[in-house]
Amino acid sequence: MKTIQRHTISILLENESGALSRVAGLFSARGYNIESVNVSMTNDPSLSRMTLVTCGDEQTIEQIIKQLNKLVDVVKLMDLAEHKHIERELMMVKIAAKNIEACAAIKRIADIFRARIIDIANKTYTIEVTGGQAKIEAFLEAMNDHGIQEVVRSGALGIVRGSATLKVDEKA
Amino acid sequence: MELSGAEIFLECLKAEKVDTIFGYPGGAVLFLYDALEKAEKENTIRHILARHEQGAVHAAEGYAKSTDKPGVAIVTSGPGATNAVTGIADAYMDSVPLVVITGQVNRDLIGRDAFQEIDIVGITRPCVKHNFLVTKLEELAPTMKKAFYLATSGRPGPVLVDIPKDLTAEKMAKADFSYPETITIRSYDPTTKGHPKQIRAAAKLIAQAKKPIIYSGGGVILSRAAEELIAFSHELDCPVTNTLMGLGAYPAMDKQFIGMLGMHGTYEANMAMHGADVVIAIGARFDDRVTGKLSKFCPDAKFIHIDIDPSSISKNVSADIPIVGDVKAVLPRLLAEYCSLGETIDANALKQWWRQVDEWRGQDSLAYNQKDDEPIMAQYVIDTLWQLTEGDAYITSDVGQHQMWAAQYYKFNKPNRWINSGGLGTMGFGLPAAMGVQLAHPNETVACITGDGSIQMCIQELATCNQYQLPLNIINLNNGYLGMVRQWQEFFYDKRYAMSYMDALPDFVKLAEAYGHVGMKIERPCDVEGALKEALSMKDRLVFLDIITKPEGNVFPMIPAGAGQNEMKLK
């Protein structure tokens, strides 16, 4: 039996047009899963950092990593599953706040999850939550009774614990 | 003094010592062609005008596969670029070093659905090693340098450079131009040497083998490591089998050679793979046409896998000892390590193994019987061609039955002589590829073994052959069918021959003549040898031999889909 495992892969990409599409294209062409993907610039303007969450058996993950490394735009990568690491996701949710009781209940749940209400409108609260996947999902479940209107999630971001870093080696 | 983008482009080609470029002009590449015209006049770079962009790219592939240089092709934007895609994909699958230049619309028109605009960088992304859209003139030279470097290093492959038209007209000071002598790409540094620990482990495993086999592929040819492979194999004295792409890397006439393996490989090659206890895979990628059903593949074997591309290792078959590196660098080290171990393969075990392999050989799975009063057998034609050319011709092929027969019956003793489309299986490859080979080797015999289906896919290149006076031998094994499709329909679709009959075939003799060549039609076995001799003796003419062969001939041996290597159909 092959066991399917979730892997979070951090990738340093050349900050060039098409780089993201090469990674996305690789996954669709070879039939690999993408659970979430996040990409943004870094402090080095020539590099983007991508956090990609995928799942597969050991052999598939090994191929994914080899194939990613083969892309010329991939400068360096790290399978965070091999390291102690921290994952965070940002979510913004709009929730129907029908009446005073609902408003209070939503506020209470938000406090429990250390979420923040970042906007209010007539009968709608917009809430920001940060956390690991489990917390995000627990929050959504807790809010389910209140009528979730809209959800936007960043996908996971990951970083290794301690002083180890994912960065490009400076060659002398 | 100023240089235009087109002139810089030309300087780049010269710096890369490009002597031949295959292409087809069009609006977006007019400035580039203006520069190429100048090169033609000063006799630095010769441009070969194909009759279709697919032909241009296949010709560049033929040129590259038969030499140690990359192939270079240039096409215009839009349809020129999309027509080139099949050739690019073909080069990708067979790891052919290629630099393909596509014209693009002016930079300010990109994204506006301009005339002949297509996002060719997007289209080709999954079938190139890498590609570039050049957006600044000062980036043109470094990009060209990167393209040639990427195409030819590591596991070779096609690299596409898309150049907007206005950039080719733009000018910069000559003083600001220099072609970089070297280039480093921070994310790209292929491993070549092979890890010493892995090499030692491999040597030890080999020494303990009782039934070893060498399974070598196209990587040996790409790495120019035929000599190293021969030295290594002779020391081990074990059976050697080649993949379709690897034919010629090991001399077919050597006594250790047991033929090609895989779906249409020899009985002895497949049985030996099935029975082996140690498989040494060298520059081969365990393609599905080689392995058959994976769960039945080499049940008793441990695998040593040498490949420059880490992603080829353990992709289909899990390697016990992976060695990432260039075959040419790894093999001598592995040999030295093996020789210094103090133990070698047990001589008695090896003797017994050879006795078994020779017994399988005794099956003579490629035997055929051409009778005088029966239709011509393709096997007989290729066998005769092999004898007449003493196994020393450059052979290109298209895709289908004739390709398998060529691989089985033309015994290649040298690398780079067998030029075919293995991975993508592109019908239409053979004729243009042969043009590229002949242009690279003007004084050598080049034969294109093709079929009545495949030849019609790039038949227009007969005009190119006329223009450049390429004395190819085209051997059209004409059975009136898409033979491989028909064979599968016979075996697996209850003889329902859906669309595999090639009705309304042209008169190939007249067609060849219309293009200015010599055409001959051969219908009897007794005429085959004479016709081939005559064709081969015409050193200054293209001869198109339309050989009418047995309509329902089948390629044997064959491993049916889903079967194991030891479950071959022999007839």
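In this text the structure is predicted, and so the values were computed from the model without any measurement.

A.B. asks: So, helix H8 (residues 196-207) of chain B: which residues are in play, and what are the values?
C.D. replies: With 12 residues, H8 of chain B should cover 16 Å at 1.5 Å per step; its first-to-last C-alpha distance of 17 Å lies within 8% of that length. Contacts from the buried residues of H8 of chain B go to helix H10 (226-236), strand E12 (278-282), strand E13 (302-307), strand E14 (321-324) and helix H13 (327-339) of chain B.

A.B. asks: Describe in detail the interface of chain A and chain B, supporting the description with residues and values.
C.D. replies: In this complex, chain A contributes 19 residues to the contact, which on the side of chain B involves 17 residues. For the chain A and chain B pair, buried surface summed over both sides reaches about 1,500 Å², with 42% attributable to carbon and sulfur atoms. Here Lys 70 of chain A makes a salt bridge to Asp 309 of chain B, at a shortest N to O gap of 2.7 Å. Run the count over chain A and chain B and you get 11 residue pairs in polar contact (both at pLDDT 80 or more). Elements supplying a minimum of two residues to the side of chain A that touches chain B: helix H1 (19-29), helix H2 (58-70) and strand E4 (74-79) of chain A. Looking at the side of chain A that touches chain B residue by residue, the class counts come to five nonpolar, six polar and eight charged.

A.B. asks: Requested: an account of the domain arrangement of chain A, with residues and values cited.
C.D. replies: Residues and elements named next belong to chain A. The domain architecture assigned to chain A consists of domain 1 (5-83) and domain 2 (86-157). Centre-to-centre, using C-alpha coordinates, domain 1 lies 29 Å away from domain 2. With eight residues of domain 1 at the interface, the matching set in domain 2 holds six residues. Interface area lost by domain 1 to domain 2 is led by Arg 6, Asn 38 and Thr 51, which between them contribute 59%. Inspection of the region where domain 1 meets domain 2 yields one salt bridge. A salt bridge links Arg 6 to Glu 87; the nearest nitrogen and oxygen atoms lie 3.1 Å apart. Inspection of the region where domain 1 meets domain 2 yields five residue pairs in polar contact (both at pLDDT 80 or more). If you list the elements that add at least two residues to the side of domain 1 that touches domain 2, you get strand E1 (5-14), strand E2 (36-41) and strand E3 (47-56). Sorting elements by how many residues they give to the side of domain 1 that touches domain 2 places E2 first, with three residues. Within the side of domain 1 that touches domain 2, the residues separate by chemical class into two nonpolar, four polar and two charged.

A.B. asks: Let's hear about a nonpolar patch on the surface: which residues, and what values?
C.D. replies: All names here are of chain A. A cluster of nonpolar residues, Leu 20, Ile 34, Val 37 and Val 39, forms a patch on the protein surface that exposes about 280 Å² of accessible area. Along the polypeptide, Val 39 turns up in strand E2. Accessibility expressed as a relative area gives 34% for Val 39, which makes it partly exposed.

A.B. asks: I'd like to hear about the packing of aromatic side chains, residue by residue, with values.
C.D. replies: Residue and element names in this part refer to chain B. Overall, the coordinates contain 19 aromatic pairs over all chains when judged by the stated rule. When the ring of Phe 412 is compared with that of Trp 418, the centres are 5.3 Å apart and the planes differ by 40°; the resulting orientation is tilted. For the ring pair Phe 508 and Phe 544, a centre distance of 5.5 Å and an interplane angle of 15° mean the geometry is stacked. In this pair, Phe 508 sits in helix H20 (residues 508-514) while Phe 544 sits in strand E20 (residues 543-548), placing the two residues 36 residues apart along the sequence. Both residues of the pair, Phe 508 and Phe 544, belong to the buried class. An aromatic cluster of three or more residues is present, and its members are Tyr 215, Phe 286, Phe 297 and Phe 303.

A.B. asks: Before we move on, could you go through the packing of helix H1 (residues 5-15) of chain B against helix H2 (residues 30-41) of chain B and cite the residues and values that matter?
C.D. replies: Residues and elements named next belong to chain B. The N-to-C vectors of H1 and H2 enclose an angle of 50°; their axes lie 8 Å apart at closest approach. By the criterion of interaxial angle, the relationship of H1 to H2 is oblique. Remark: the crossing between H1 and H2 carries right-handed chirality. For the pair formed by H1 and H2, the contact residues are Ala 6, Glu 7, Phe 9, Leu 10 and Leu 13 on the first element and Phe 31, Leu 32, Ala 35, Leu 36, Lys 38 and Ala 39 on the second.

A.B. asks: Account for the packing of helix H15 (residues 378-388) of chain B against helix H16 (residues 401-409) of chain B, with residues named and values stated.
C.D. replies: Residue and element names in this part refer to chain B. At their nearest, the axes of H15 and H16 sit 9 Å apart, and the two run at 45° to each other. Here H15 is positioned oblique relative to H16, judged by the angle of their axes. Every pair of crossing elements has a handedness; the one defined by H15 and H16 is right-handed. Packed against H15, whose contacting residues are Ala 378, Gln 379, Ile 382, Asp 383 and Trp 386, the element H16 presents His 402, Trp 405, Ala 406 and Tyr 409 at the interface.

A.B. asks: Before we move on, can you summarise the sheet that holds E14 of chain B with the specific residues and values?
C.D. replies: Residues and elements named next belong to chain B. Spatial ordering of the open sheet is given by E11-E10-E9-E12-E13-E14, a layout of six strands whose pairing is parallel. Unpaired on one side and paired on the other, strand E11 (257-260) and E14 mark the two borders of the sheet. Looking at each pair of strands side by side, their axes are set apart by 15° on average, direction ignored. The sheet contacts of H10 involve strand E9 (212-216), strand E10 (240-242) and E12, and relative to E9 the element is tilted by about 170°. Across the sheet, H13 touches E12, E13 and E14, and the angle it forms with E13 is around 130°.

A.B. asks: So, the sheet that holds E2 of chain A: which residues are in play, and what are the values?
C.D. replies: Two pairing modes exist for strands in a sheet, parallel and antiparallel, and in both the strands are linked by backbone hydrogen bonds. Residues and elements named next belong to chain A. Strand order in the open sheet made by the four strands is E2-E3-E1-E4, with antiparallel pairing throughout. Every interior strand has two partners, whereas the edge strands, E2 and E4, have only one. Adjacent strand axes in the sheet meet at a mean angle of 15° when their direction is disregarded. Bridging between E2 and E3 involves six bridges; their strand directions are antiparallel. In the strand pairing of E3, Val 37 is matched with Leu 52. Against the sheet, H1 touches E1, E2 and E3, its axis set at about 10° to E3.

A.B. asks: Which residues make up the domain arrangement of chain B, and what values do they have?
C.D. replies: The figure often quoted for interface size is the accessible area lost as the parts come together. Residues and elements named next belong to chain B. Split into domains, chain B comes out as domain 1 (2-176), domain 2 (196-361) and domain 3 (378-548). Spacing between the C-alpha centres of domain 1 and domain 2 amounts to 38 Å. Listed by partner, the interface residues are nine residues for domain 1 and seven residues for domain 2. Note on domain 1 versus domain 2: buried area summed over both sides is about 660 Å², and carbon and sulfur give 57% of it. Interface area lost by domain 1 to domain 2 is led by Asp 68, Asp 94 and Arg 155, which between them contribute 56%. For the pair domain 1 and domain 2, the number of links is one salt bridge. The shortest N-O distance in the salt bridge between Asp 309 and Arg 155 comes to 2.7 Å. Viewed at the interface, domain 2 and domain 1 are joined by two residue pairs in polar contact (both at pLDDT 80 or more). For the side of domain 1 that touches domain 2, the per-class residue count stands at two nonpolar, three polar and four charged.

Calculation notes
- Residues numbered from 1 in each chain as written.
- Chains lettered and ligands numbered in written order.
- Predicted model: local features only at pLDDT ≥ 70, side-chain atom pairs only at ≥ 80, totals over all residues.
- Heavy atoms only, no water.
- Helix = DSSP H or I, 4+ residues; strand = E, 2+ residues; numbered from the N terminus.
- Expected span 1.5 Å × (residues − 1).
- Contact = heavy atoms within 4.5 Å.
- Buried area = accessible area lost by both parts, 1.4 Å probe.
- Salt bridge = Lys/Arg side-chain N within 4 Å of Asp/Glu carboxyl O.
- Polar contact = N/O pair within 3.5 Å; in protein donor to acceptor, adjacent residues only side chain to side chain.
- Nonpolar A, V, L, I, M, F, W, Y, C, P; charged D, E, K, R; others polar.
- Domains from an automatic or database assignment.
- Patch = residues over 30% accessible without salt bridge, like charges linked within 9 Å, V, L, I, M, F, W, Y side chains within 5 Å.
- Areas by Shrake-Rupley, 256 points an atom, 1.4 Å probe, with all protein chains shown as cover.
- Buried < 20%, exposed > 50% of the residue type's maximum accessible area, 1.4 Å probe, protein only.
- Phe/Tyr/Trp six-rings, centres within 6.5 Å; stacked < 30°, edge-to-face > 60°.
- Axes fitted to C-alpha atoms, helices over the stretch in contact; angles between N-to-C directions.
- Parallel < 35°, antiparallel > 145°, perpendicular 65-115°, else oblique.
- Left-handed = near helix turned anticlockwise from the far one by under 90°.
- Pairing = 2+ DSSP bridges.

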